[in-house]
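# Structural characterization, general
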Amino acid sequence: MLTLSLKASPPQRLDLSPLLPHLLAGKTAAEIAAIDISTTREKITVGDVFSVRAGSTDEIRFEGGSERFDGVGRGLQVGKILVAGDVGMDAGRLMSGGEVIVDGDTGPYAGSGMSGGRLEVKGDTGDFLGAPREGEMQGMAGGMLIVRGSAGQRPGDRLRRGTIIIEGATGDCPGSRMIAGTLIVLGRSGAHPGYLMKRGTIALAKPPALSATFVESGPYASAFSAMFARTLEPESRGAGRLFRARLRRFSGDMAALGKGEVFIPA
Amino acid sequence: MRPMIRNGVRIDESFAEAFPMRGTALIITAPNRRWARQAAITMTGFATSVIGCGAEAGIDCDVDARETPDGRPGVRVLIFAMASEELQKQLINRVGQCVLTSPGSACFSDFKGADTFKIGDALRYFGDGWQISKKFGDRHFWRIPVMDGEFLCEGTTGYTKDAVGGGNLLIMGADYDKTLRAAEAAVEAMNGVRDVILPFPGGIVRSGSKVGSKYKALFASTNSAYCPTLRASVETALDDDIGCVLEIVIDGLTEASVAKATRAGLAAIINLGPRNGARRVGAGNYGGKLGPFHFHLKDLLP
């Protein structure tokens, strides 16, 4: 395991996206320490901010974190990244495989556009969890994204595939403009869940009043919920419990395509 | 052929000649065991022989609710055919007409393999645009709205090209009752073996066939050498003390599973003994040149 221990609070925002297992494979500690991670005209290298303890690059561990750690695990393909602390924006953005675990909070756009792998945030996360960045047509397109704490505004915006579990609360418009995929919120959900969603599944343990463009389609009984509960249980017992309970199903958003669904406890 | 004798039962020094087949396994679940079995029985009906049915299929075993993907009672079915294209066609027709239609059913793949057949990936169109796709990890499911709720069906199932079809035992006894008793005992023992099915009615076939016929249109006809009533008319394989012959045909996902089933069946027949059961056990082959799998009875004795 390669360990990067934070020496002192970084003097500027850092771009940590070059620190991925497949990019570091075969590099010596000195070569890793020389990698540029600055985001301003003042150059900063890995060695300036971290003390590097060499080891297998399949697993990278950050000792200490900061909300200035941007792009942790961005573009991750294989291997594992662990952060003992907070990170900034774009954590796990565009990752396609491997695993990122943040033992702290993240900024906005965590898991943005990810297409595979697993991202777990043990603390809270900012706005636009899994969402597309400016100009992109779709958000998260695969994989598993788990937030043990709460999320900000519009988590799962333009979600296309994959599963997002938020064990805490969310801000407004969770699952806005969803294309497909699954978003589960166990805490209190903000207003307008599924705003303009086309397809996909939202499950809310503590829902607000749904908008009038979500139409109830009655109590839901299908082998799917039990199977899904089994799939979810290893990741989140709360999510498994939600799908084992009796559910009511709403179809929507009728202001958009209307093939989406919102499950709430009966 | 020199007979070997075990517990008074003569065992032919012969072998069953079997063929490579394509095969896959599904788990069918329902709200209760009765309806899981009903869907499985319907789906595997009219599937005794590839000659006339397109596929050979049967129930492998019940699956406990704790072990099915959706936590409901399930049944594991196996289905085999000679060619991949035919098996794909059979799978869609059978799951589409017999499982999709069965109350409360769901259908899951139970075979992992690099090659796959479509199940839900084809049946989803029944949803007329209202079907819902769900992908978890490497598994892909379709939820198809139906009149009792939703039909949940896995998108694809893996299959093997190394399945083995046509393992068999010829069970010969003094009369009908004793021979059937021995065959039934063998079927019961073989049903306990995983990854095999006995495609014929109740596992037993009474009309074994030989290759060829006097009639040009037919490529198989009654196994005259084993028909007791033809003993006086043709070159017979039957001894004077044999009055009835029944056959068990075995299809399995692996060569080892067919061998294991043959062994279990032989043990049950031998255990029953000649007084109440079979006097002699043989196996069907074509001289060993047609099928690559040979199950020699002498190697599979208990």
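Residues numbered from 1 in each chain as written. Chains lettered and ligands numbered in written order. Predicted model: local features only at pLDDT ≥ 70, side-chain atom pairs only at ≥ 80, totals over all residues. Heavy atoms only, no water.

## Observations regarding the confidence of the model for chain B
Where the model shows low pLDDT, its predicted coordinates should not be examined in detail. Mean pLDDT over chain B stands at 96; residues scoring 70 or higher make up 99%. Here the predicted complex scores 0.92 on pTM and 0.91 on ipTM. (pLDDT = per-residue confidence, 0-100.)

## Here's the deal with the interface of chain B and chain A
The parts lose accessible area when they come together, and the size of an interface is often stated as this lost area. Between chain B and chain A, the contact holds 22 residues from the first and 19 residues from the second. Between chain B and chain A lies a buried interface of about 1500 Å² when both sides are counted; carbon and sulfur atoms form 56% of it. Looking only at chain B, the three residues that lose the most surface to chain A are Lys134, Phe136 and Arg143 of chain B, adding up to 34% of its buried area. Applying the counting rule to chain B against chain A returns one salt bridge. Across the pair Glu261 of chain A and Arg143 of chain B runs a salt bridge, and its minimum N-O distance is 2.6 Å. Those elements giving two or more residues to the side of chain B that touches chain A turn out to be strand 6 (106-109), strand 8 (132-136), strand 9 (139-146) and strand 10 (149-154) of chain B. At five residues, strand 8 of chain B tops the list of elements feeding residues into the side of chain B that touches chain A. (Contact = heavy atoms within 4.5 Å. Buried area = accessible area lost by both parts, 1.4 Å probe. Salt bridge = Lys/Arg side-chain N within 4 Å of Asp/Glu carboxyl O. Helix = DSSP H or I, 4+ residues; strand = E, 2+ residues; numbered from the N terminus.)

## As for the nonpolar core
Leu16, Ile37, Phe50, Phe62 and Ile81 of chain A are the most contacted members of the largest nonpolar core, which totals 48 residues. Dropping the residues within four chain positions of it, Ile37 of chain A is found in contact with Arg13, Leu14, Asp15, Leu16, Ile44, Thr45, Val46, Val49 and Phe50 of chain A. Ile171, Val258, Ile270 and Leu297 of chain B belong to the second largest nonpolar core, which has 35 residues in total. (Core = buried A, V, L, I, M, F, W, Y, C linked by side-chain atoms within 4.5 Å. Buried < 20%, exposed > 50% of the residue type's maximum accessible area, 1.4 Å probe, protein only.)

## Re the state of the cysteines
Two cysteines joined by a covalent bond between their sulfur atoms form a disulfide. Residue and element names in this part refer to chain B. According to the stated counting rule, one finds zero disulfides over all chains in the structure shown. As a non-bridged cysteine, Cys53 has Cys98 as the owner of its nearest cysteine sulfur, 13 Å distant. Under the relative-accessibility criterion, Cys53 is labelled buried at 10%. Looking at the unpaired Cys107, the closest cysteine sulfur is the one in Cys153, lying at 4.5 Å. Taking the relative accessible area as the measure of exposure, Cys107 reaches 0% and is therefore buried. (Disulfide = S-S within 2.5 Å.)

## Focus on unusual backbone geometry
Residues and elements named next belong to chain A. Residue Asp253 is bonded to the preceding Gly252 through a cis peptide linkage, with omega at -5°. Despite not being glycine, Tyr109 shows a phi value in the positive range, around 60°. Tracing the backbone shows Tyr109 in the loop between strand 7 (99-102) and strand 8 (118-121). Classification of Tyr109 as buried rests on a relative accessible area of 11%. In the Ramachandran plot, Phe128 falls in the positive-phi region, its phi being about 55° despite a non-glycine side chain. Take Phe128: it is sitting in the loop between strand 8 and strand 9 (141-147). Overall, the relative accessible area of 22% leaves Phe128 in the partly exposed class.

## Regarding the packing of helix 5 (residues 176-191) of chain B against helix 6 (residues 255-276) of chain B
Residues and elements named next belong to chain B. In the contact formed by helix 5 and helix 6, the axes pass within 8 Å of each other and the chain directions differ by 150°. It follows that helix 5 is roughly antiparallel to helix 6 by the angle criterion. For the crossing formed where helix 5 meets helix 6, the hand is right-handed. Contact residues: Lys178, Arg181, Ala182, Ala185, Ala186, Ala189 and Met190 in helix 5; Ala261, Thr262, Ala264, Gly265, Ala268, Ile269, Leu272, Arg275 and Asn276 in helix 6. Per-class residue counts for the contact of helix 5 with helix 6 are 10 nonpolar, three polar and three charged. (Axes fitted to C-alpha atoms, helices over the stretch in contact; angles between N-to-C directions. Parallel < 35°, antiparallel > 145°, perpendicular 65-115°, else oblique. Left-handed = near helix turned anticlockwise from the far one by under 90°. Nonpolar A, V, L, I, M, F, W, Y, C, P; charged D, E, K, R; others polar.)

## Notes on the pattern of salt bridges
All names here are of chain A. Using the criterion set out here, one finds 37 salt bridges over all chains in the structure. Residue Arg148 pairs with Glu120 through a salt bridge whose shortest N-O separation is 2.9 Å. Within this pair, whereas Arg148 is found in the loop between strand 9 and strand 10 (161-166), its partner Glu120 is found in strand 8, the two being separated by 28 residues in sequence. Judged by its relative accessible area of 8%, Glu120 falls in the buried class. Look at the salt bridges and you will find they share partners, linking Lys80, Glu99, Arg118, Glu120, Arg148, Glu167 and Glu235 into a network.

## Section: the packing of helix 4 (residues 223-232) of chain A against helix 5 (residues 237-244) of chain A
Residue and element names in this part refer to chain A. At a closest axis distance of 8 Å, the pairing of helix 4 and helix 5 adopts a crossing angle of 170°. Between helix 4 and helix 5, the angle is such that the two are roughly antiparallel. Seen from helix 4, the contacting residues are Ser225, Phe228, Ala229, Arg230 and Leu232; seen from helix 5, they are Ala239, Gly240, Phe243 and Arg244. Residues that form the contact of helix 4 with helix 5 fall into these classes: five nonpolar, two polar and two charged.

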